[in-house]
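Single-letter residue listing:
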Amino acid sequence: MKNHAHDTPSPTHSDAEVTQLLRDAGQRVTKLRVAVYRTLLDAEQPLSHPEVQHRLESNIASPVDRVSLYRNLEWLVDIGLAHRITADDRVWRFSARRLEQSNQHPHFHCVSCGQVFCLPESTVSTPTLPKDYSVIEMELVVNGVCAHCGKNKTPH
Ligand SMILES: [Zn+2]
Ligand SMILES: [Zn+2]
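Values in this document were obtained by computation on a predicted structure and should not be read as measured data.

Draft legend 1. Summary view of the overall build of the chain. Across its full length, the chain holds five helices and six strands. For the chain, the α and β elements follow one another from N to C terminus as α-α-β-α-α-β-β-β-β-β-α. Residues counted as buried form 19% of the 156 residues belonging to the chain.

Draft legend 2. Molecular detail of the pairing of strand β2 (residues 82-86). In the sheet, β2 pairs with strand β3 (residues 92-96) via five bridges, with the strands oriented antiparallel. Its bridge partner lying in β3, Arg-84 is registered against Phe-94. Here β2 folds back onto β3 in antiparallel fashion, the turn holding five residues, of which Arg-90 has a positive phi close to 65°.

Draft legend 3. Quick peek at the nonpolar core. Counting 16 residues, the largest nonpolar core has Val-36, Tyr-37, Leu-40, Val-52 and Leu-73 as the members making the most contacts within it. Counting only elements with at least two residues in this core, the list comes to α2 (31-42), α3 (49-60), α4 (66-78) and β3. For this core, the element with the highest residue contribution is α2, accounting for six residues. For Tyr-37, the contacting residues outside a window of four places in its chain are Val-18, Leu-22, Leu-76, Leu-81 and Ala-96.

Draft legend 4. The arrangement of the sheet that holds strand β6 (residues 141-144) in detail. Pairing is mixed in the open sheet, where three strands are placed in the order β5-β4-β6. Two strands bound the open sheet, and with one partner strand each, they are β5 (116-118) and β6. Going from strand to strand, the sheet's axes swing by 25° on average, the running direction of each strand aside. The pairing of strand β4 (residues 107-110) with β6 spans four bridges and is classified as parallel. Bridge assignment links Cys-110 to a residue of β6, and that residue is Gly-144.

Draft legend 5. Seen up close, the sheet that holds β2. Read across the open sheet, the three strands follow the order β1-β3-β2; overall the sheet is antiparallel. The open sheet has two edge strands, β1 (47-48) and β2, and neither has a second partner.

Draft legend 6. Local environment of α4. Given a rise of 1.5 Å per residue, 13 residues ought to cover 18 Å, and the 18 Å separating the end C-alpha atoms of α4 matches this to within 8%. Of all the positions in α4, only Leu-69, Asn-72, Leu-73 and Leu-76 are classed as buried. Buried positions in α4, seen along its axis, are confined to an arc of 100° and lie on one side of it. When the buried face of α4 is taken as reference, the exposed residues oriented beyond 90 degrees from it are Val-67, Ser-68 and Asp-78. Where α4 is buried, its residues touch α2, α3, β2 and β3.

Draft legend 7. Inspection of the environment of Thr-12 at higher detail. Mapped onto the secondary structure, Thr-12 falls in the segment before α1 (15-24). Along the backbone, Thr-12 and Ala-43 are 31 residues apart, and their C-alpha atoms lie at a distance of 8.5 Å.

Draft legend 8. Spatial organisation of α1. The element α1 is largely exposed, with a buried count of one among its ten residues. Immediately downstream of α1, the backbone of Gly-26 shows phi near 75°, a positive value.

Draft legend 9. Structural detail: unusual backbone geometry. Of note in this structure, Ala-61 is not a glycine but carries a positive phi near 55°. Within the secondary structure, Ala-61 is located in the loop between α3 and α4. When the 6 C-beta atoms within 10 Å are taken as the criterion, Ala-61 is described as exposed. Even without being a glycine, Asp-132 presents a positive backbone phi close to 70°. Here Asp-132 lies in the loop between β5 and β6.

The rules we used
- Residues numbered from 1 in each chain as written.
- Chains lettered and ligands numbered in written order.
- Predicted model: local features only at pLDDT ≥ 70, side-chain atom pairs only at ≥ 80, totals over all residues.
- Helix = DSSP H or I, 4+ residues; strand = E, 2+ residues; numbered from the N terminus.
- Buried ≥ 20, exposed ≤ 12 C-beta atoms within 10 Å, placed from the backbone.
- Pairing = 2+ DSSP bridges.
- Core = buried A, V, L, I, M, F, W, Y, C linked by C-beta atoms within 7 Å.
- Contact = placed C-beta atoms within 7 Å.
- Axes fitted to C-alpha atoms, helices over the stretch in contact; angles between N-to-C directions.
- Expected span 1.5 Å × (residues − 1).
- Arc of directions from axis to C-beta.

Listed below in structure tokens is the structure:
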């Protein structure tokens, strides 16, 4: 008998939990802020703006203004609760920052399904910089084929 465990368990967060996380970060709490942050926390991988919008609208069962959503995503990045990733498809993706992650972990972009995944940071090393240069941000995106697409060799 096969067991019935899910392949990818996705933890879900309650509004109360997310509200507390925002308060702990010293932020003013609004309904949309909680909903947006919760969507990122519950996602198993980074989401593009339209993906966040889609999930958010089905969670709260009402339409969300594109621009306000974008402002809220930017705000989460600014205060350090989320990070933004650009893959070579030039789509911004957003992901909640997990406690165990630093700013600078690499990402994997699957060229077949287009999904982006966070990778553990242990594999990144900062290049040696010329004298008096300083790093603000470093982004490493690995392009390749994810396990799922590798198994299903039929092209999309
Ligand atoms: Zn894939
Ligand atoms: Zn990431």
